[in-house]
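Examination of the molecular architecture
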Amino acid sequence: MDKQLKYKETDKMSDLICENYTLLQVMSRFGLSLGFGDKTVKEFCLLNQVDYRTFLAVVNFIDEGYLRMDETFKELSVASIMNYLKQAHSYFLDFNFPSIRLKLMEAIGYSEDNVTSLIMKFYDDYVDEVRKHMEYEDKIVFKYVEALLKGELPTNYSISVYAKKHTQIETKLTELKNIIIKYYPAKSNNNLLNAALFDIFSCEQDLESHSRVEDYLFVPEVLKLVKKLSNSDE
Amino acid sequence: MSNITLKIVVAENSVIIRNGITATLKRLPDLRIQPIEVHSIESLKECVRMDNINIVIVNPAFGGYFDVAKFKTETLATSKVVALVSFFVDKITLSKYDDTISIYDDQETLYGKINSLQNLPKKKNEEDDEMLSGREKEIVICVVKGMTNKEIADNLFISVHTVITHRRNIAKKLQIHSPAGLTIYAIVNNLIEISEVKKNLV
C-alpha cells in the first residue's frame, strides 16, 4: 500500500504535520503528542504503541479529501480506528463544543433577556443532538464491535444501519450558520463573531471528516470482521 | 448553490480518469456534490448498500464487464447508473445504462446530464425571491408562537395544505427549517417581540 499513498511510514513525523496542519488533530486522537524530534512515522508510532498502518491510512484518507472507499487501505486495526473515533468524540464533546460556546457567547454579547439567549439555546440543542448521537455510537456501536473483537457475534445489532444516520445532524449546524451569516444584525466590529464563525466552520469540516472515517474506513473493516466470524461459525 | 448534497460514486480503474472526474464534479456550479471513488466491484456494492447514493458513474469494463442489471438487482440500488465511456462501447451495452458520460464531455454537458438525471429544477432566476411575502411572514409569526398547522389554518382562513406549502417555501427561502431557528429569524427581523415568544419556551 505504501507506494500508492502520499504519506509513508518512512516520512518524518514533523514533515507530515508541517505540510498539513489539520493532521495535528489526527495525531492527538491516536494518542500521539508533540515532541517527536526527527523520528519517522513508523518509529514514533511504535514507540507509542500505535498501529502505524492504521494511522497512515487515516492520515492519507483525510489528506486526500476523504473521498475514497476501497481496499487501498488494507490491514487496518479495527481496535485502533475505534480508539481514534472514541478520542474524537471526547474531543468534540469535552473540548471543542464548550470552547466554541464560550466564543459565541462573548461574540453575540450574551444576555438573558434578548435574542442572544435563543441563539445560545439553539446552539445547545444542536450540541445535545450531536452528544446523543455520539453516545449512541459509544454505547451501542462500539460495544458491538468490542464483542466482535472478542470473537463473539451479537445478533441484536447490525453495522449496516449505521452510516445512514449521519446526514440529519448536519442540517442543524447549517441553520445556525445561516442565522449568523445572513440574518444576524451586523455590529461595527465583527472580529469576535468572525472568530466564532471560523471555529464553527472548521468544526463542521472536522465533523464531516470524522463521519467519513466512520463510514468509509471503519464500517468496511467491521463488515469484514463480521464476515470472518460468520464464516467460522458455519 | 443547492442545499441538497448529491452523492456520486465514481467506479473506474484509471486513477487519472477517476481523480479527473471527481475534480470536475466538484467544480460544477450550483450543485453540491460529494464524490466517492471506488476501484473494485466489492467496494462499489458495499458503498451503494451502505449509503443513499444518487448516481453511480461506472466504466462499462469495470471489473471485466459491468453487468448493470445484475448490479441493480443485487444491491437493490435506486441510484442512477451512468456509463463512463473512454473508448468504443457498443450501443446495446450502453442502452442498459440510464445515461452516458464521455471523458470528452465538457463541463456544461456534464452539468446538464446530472441535472436531468436528478430531475433538478432548471436554473432559477428568482434570487430576489428570498424575501418573504406578507402571508409568509404571518405564518412565520404563527409558527414562532407555537401554533400547530391546524391552528394556523383556522386563524388565517386557509387550508392546512396551504399552510404546509407556505412552510415549505419559507424553509426553502430562508434555509431555516426548525421552529427554533425561525424564532431567532423572526426576532432579529422584528417580526415579533421577544416577550411574545418567551412564554412558549422552556
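Residues numbered from 1 in each chain as written. Chains lettered and ligands numbered in written order. Predicted model: local features only at pLDDT ≥ 70, side-chain atom pairs only at ≥ 80, totals over all residues. Heavy atoms only, no water.

A word on the interface of chain B and chain A
In this assembly, 36 residues from chain B lie in contact with 30 residues from chain A. Between chain B and chain A, the buried area comes to about 2800 Å², and carbon and sulfur atoms account for 61% of it. When the buried area of chain B at its contact with chain A is split by residue, Met50, Ile184 and Val188 of chain B rank highest and sum to 24% of it. Counting across the interface, chain B meets chain A through 0 salt bridges. Counting across the interface, chain B meets chain A through 6 residue pairs in polar contact (both at pLDDT 80 or more). Secondary structure elements with two or more residues in the side of chain B that touches chain A: helix 1 (15-27), strand 2 (32-38), helix 2 (41-50), helix 8 (160-174), helix 9 (179-188) and helix 10 (194-198) of chain B. With 7 residues, the single largest contributor to the side of chain B that touches chain A is helix 9 of chain B. Here the side of chain B that touches chain A is composed, by residue class, of 14 nonpolar, 12 polar and 10 charged. (Contact = heavy atoms within 4.5 Å. Buried area = accessible area lost by both parts, 1.4 Å probe. Salt bridge = Lys/Arg side-chain N within 4 Å of Asp/Glu carboxyl O. Polar contact = N/O pair within 3.5 Å; in protein donor to acceptor, adjacent residues only side chain to side chain. Helix = DSSP H or I, 4+ residues; strand = E, 2+ residues; numbered from the N terminus. Nonpolar A, V, L, I, M, F, W, Y, C, P; charged D, E, K, R; others polar.)

Focus: the packing of helix 5 (residues 78-108) of chain A against helix 6 (residues 115-149) of chain A
Two elements in contact, helix 5 of chain A and helix 6 of chain A, have axes whose closest approach is 11 Å; the angle formed by their N-to-C orientations is 170 degrees. What the angle tells us is that helix 5 of chain A and helix 6 of chain A run roughly antiparallel. (Axes fitted to C-alpha atoms, helices over the stretch in contact; angles between N-to-C directions. Parallel < 35°, antiparallel > 145°, perpendicular 65-115°, else oblique.)

What to know about the pairing of strand 3 (residues 55-58) of chain B
All names here are of chain B. The alternating pattern of strand 3 places Ile55 and Ile57 and Val56 and Val58 on opposite faces, both of which are buried. Across 4 bridges, the pairing between strand 1 (residues 5-11) and strand 3 is parallel. Its bridge partner lying in strand 3, Val9 is registered against Val56. Pairing analysis gives 4 bridges linking strand 3 to strand 4 (residues 80-85), with the strands arranged parallel. If you follow Val56 over to strand 4, its bridge partner there is Val81. Handedness of the crossover joining strand 3 and strand 4 through helix 3 (residues 68-75) is recorded here as right-handed. (Buried < 20%, exposed > 50% of the residue type's maximum accessible area, 1.4 Å probe, protein only. Pairing = 2+ DSSP bridges. Right-handed = clockwise from strand over helix to strand, strands pointing away.)

Digging into helix 9 of chain B
Judged by how many residues are buried, helix 9 of chain B sits mostly within the fold: 8 of 10 residues are covered. Looking at helix 9 of chain B, one finds that the buried residues are Gly181, Leu182, Thr183, Ile184, Tyr185, Ala186, Ile187 and Val188 of chain B.

Quick word on the sheet that holds strand 2 of chain B
Residues and elements named next belong to chain B. One open sheet holds the 5 strands; their spatial order is 2-1-3-4-5, and the pairing between them is parallel. Across the chains shown, the open sheet's two edge strands, defined by having one partner strand only, are strand 2 and strand 5 (99-102). Ignoring strand direction, the axes of neighbouring strands in this sheet form an average angle of 25 degrees. Pairing of strand 1 with strand 2, which is carried by 7 bridges, proceeds in the parallel orientation. In the sheet register, Lys7 faces strand 2, and the bridge partner there is Gln34. Of the strands in this sheet, strand 1, strand 2, strand 3 and strand 4 are in contact with helix 1, which crosses strand 2 at around 170 degrees.

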